[in-house]
Amino acid sequence: MTGLVYKSTGSYYTVKTENQQVYECRIKGKFRMKGIKSTNPIAVGDVVDFELDNTTDEEMGQIHHIHERKNYIVRKSVNLSKQTHIIASNIDIVFLLITINNPPTTTSFIDRFLVTAEAYGIEAILVFNKIDTYDEAMVDEQLYLQFVYSQIGYKCLRVSSTEAKGLENLKELMMGKVSMFSGHSGVGKSTLVNALEPNLNLKTKNISEQSMQGQHTTTFAEMYDLSFDAKIIDTPGIKGFGIVDMEKEEIGGYFPEFFKLKDQCKFNNCLHKEEPNCAIKKALEEDKIAWSRYNSYLKILEGDDEQYRTDTYNEDRIISDESRK
């Protein structure tokens with residue numbers, strides 16, 4: 001039988017077939033030994049083949065094959081462990097939830113996320129959440145960020161889960177697709193899913209008043225079927241977003257506003273730093289490129305993420321098998 005993985009706890013997997021039959025499954029014996037260096041070689045979103053185990057009274061399935069993935073998200077520990085953890089796979093669109101102050105989302109975090117999504121061809125949309133909680137200064141900051149990213153070409157939404165603002169626009173973008181909500185712990189991912197589909201009643205927690213950081217409520221990824229012809233993968237919150245391995249000459253190509261101008265640089269391999277006649281630096285001086293974006297580019301280019309890594313317990317990456325061919 002073939003089915004879609006809806007939930008992974010590390011030991012058991014909930015798999016749903018095309019006829020909506022749900023089975024609890026395990027990995028078949030030697031499956032882990034097939035060159036998969038991960039704590040969980042099967043992820044939510046995987047299409048798998050399985051067979052029922054007739055040796056027990058329980059109707060337990062044995063997964064024996066994973067279909068080729070379009071893309072996947074992998075979490076890697078910041079310690080020296082070589083183990084990774086695949087969060088979800090085969091995603092059509094990723095929504096990055098952003099909050100201005102509860103908790104704050106930095107432009108560095110946003111840009112790392114977008115660069116990674118660009119690198120592997122996954123559409124990313126910015127969702128400015130909790131807009132009902134903003135004072136005048138926060139509104140100004142949010143609107144400025146929305147202007148910056150809209151000018152580049154990214155879709156941006158303004159949403160309030162508690163006041164049901166912007167939800168219809170969000171639903172339209174999700175229809176017919178497998179979506180994933182990402183962002184820091186506390187930006188309101190589970191609350192937003194509940195607002196979209198109240199019957200799900202996902203667990204939520206309040207922001208810690210002492211640290212203004214979010215508290216983890218989702219401990220593992222799980223997919224849900226929504227009533228408006230959409231699927232959503234709810235994932236654990238992340239405190240950092242690591243950049244996938246890429247050559248320095250590639251990085252500028254994943255900033256769309258840089259990519260449009262790179263052919264105007266004097267040198268084909270221009271890194272947009274000290275090189276003369278650089279179109280990106282000229283655009284920067286003319287305020288056609290945001291300084292925050294250029295600063296993020298330099299940090300990624302120089303690998304300046306030591307502090308970034310110490311501030312987080314893990315990295316999340318979006319990786320596409322298709323792009324590596």
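Above this text sits the structure in question.
To keep things clear, this report deals only with the structure shown in the data block. (Residues numbered from 1 in each chain as written. Predicted model: local features only at pLDDT ≥ 70, side-chain atom pairs only at ≥ 80, totals over all residues. Heavy atoms only, no water.)

## So, the environment of H184
So, step 1. Mapped onto the elements of the fold, H184 is located in the loop between β11 (178-182) and α4 (189-196).
So, step 2. It is 7.8 Å that separates the C-alpha atoms of H184 and L97, two residues lying 87 residues apart in sequence. (Helix = DSSP H or I, 4+ residues; strand = E, 2+ residues; numbered from the N terminus.)

## Section: the packing of aromatic side chains
So, step 1. One pass over the structure, following the stated rule, counts 7 aromatic pairs.
So, step 2. Ring plane angle 90° and centroid distance 5.7 Å describe the contact between F95 and F181, whose orientation is recorded as edge-to-face. Residue F95 is found in strand β8 (residues 93-98), and its partner F181 is found in strand β11; the two are separated by 86 residues along the sequence. Assigned by exposure class, F95 and F181 land together as buried. (Phe/Tyr/Trp six-rings, centres within 6.5 Å; stacked < 30°, edge-to-face > 60°. Buried < 20%, exposed > 50% of the residue type's maximum accessible area, 1.4 Å probe, protein only.)

## Considering helix α3 (residues 167-174)
So, step 1. Taken together, the buried positions of α3 are L167, L170, L173 and M174. Angular distribution of buried residues about the axis of α3 spans 120°; they occupy a single face of the element. Facing away from the buried surface of α3 by more than 90 degrees, the exposed residues are E168 and E172.
So, step 2. Once α3 ends, the next one or two residues include G176, with phi positive near 75°. (Arc of directions from axis to C-beta.)

## Some thoughts on the pairing of strand β12 (residues 222-226)
So, step 1. The buried count for β12 comes to 4 of 5 residues, which makes it a mostly enclosed element.
So, step 2. Pairing of β12 with strand β13 (residues 230-234), which is carried by 5 bridges, proceeds in the antiparallel orientation. Across the sheet, the residue bridging to L226 is A230, located in β13.
So, step 3. Connecting β12 to the antiparallel partner β13 that follows it, the hairpin turn spans 3 residues, and D229 within it adopts a positive phi of roughly 60°. (Pairing = 2+ DSSP bridges.)

## A closer look at the pattern of salt bridges
So, step 1. Counted under the stated rule, the structure contains 11 salt bridges.
So, step 2. Note that K273 and E302 form a salt bridge whose closest N and O atoms lie 3.7 Å from each other. Of this pair, K273 sits in the loop between α6 (256-259) and α7 (279-285) while E302 sits in the loop between α8 (291-301) and α9 (306-310), and the two are 29 residues apart along the sequence.
So, step 3. Given the relative accessible area of 46%, E302 is considered partly exposed.
So, step 4. Across the salt bridge formed by E286 and K288, the nearest N and O atoms sit 3.2 Å from each other.
So, step 5. Taking relative accessible area as the criterion, E286 reaches 38% and is therefore assigned partly exposed.
So, step 6. Each of the salt bridges in this network shares a partner with another, and the network as a whole consists of K16, D225 and K231. (Salt bridge = Lys/Arg side-chain N within 4 Å of Asp/Glu carboxyl O.)

## Digging into the packing of helix α1 (residues 107-119) against α8
So, step 1. Direction vectors running N to C along α1 and α8 enclose 70°, while the axes themselves pass 9 Å from each other. Classified by the interaxial angle, the pair formed by α1 and α8 is roughly perpendicular. Seen along the crossing, α1 lies across α8 with a hand that is right-handed. Facing α1, whose interface residues are T107, S108, D111, R112, L114 and V115, α8 presents S292, R293, S296 and I300.
So, step 2. Residues of the contact of α1 with α8, tallied by class, amount to 3 nonpolar, 4 polar and 3 charged. (Axes fitted to C-alpha atoms, helices over the stretch in contact; angles between N-to-C directions. Parallel < 35°, antiparallel > 145°, perpendicular 65-115°, else oblique. Left-handed = near helix turned anticlockwise from the far one by under 90°. Contact = heavy atoms within 4.5 Å. Nonpolar A, V, L, I, M, F, W, Y, C, P; charged D, E, K, R; others polar.)

## Thoughts on the side chain of Q62
So, step 1. In this structure, Q62 sits in strand β5 (residues 60-66).
So, step 2. For Q62, a relative accessible area of 16% corresponds to the buried category.
So, step 3. In contact with Q62, not counting residues within four places along its chain, are R26, I27, K28, D49, F50, E51 and D53.

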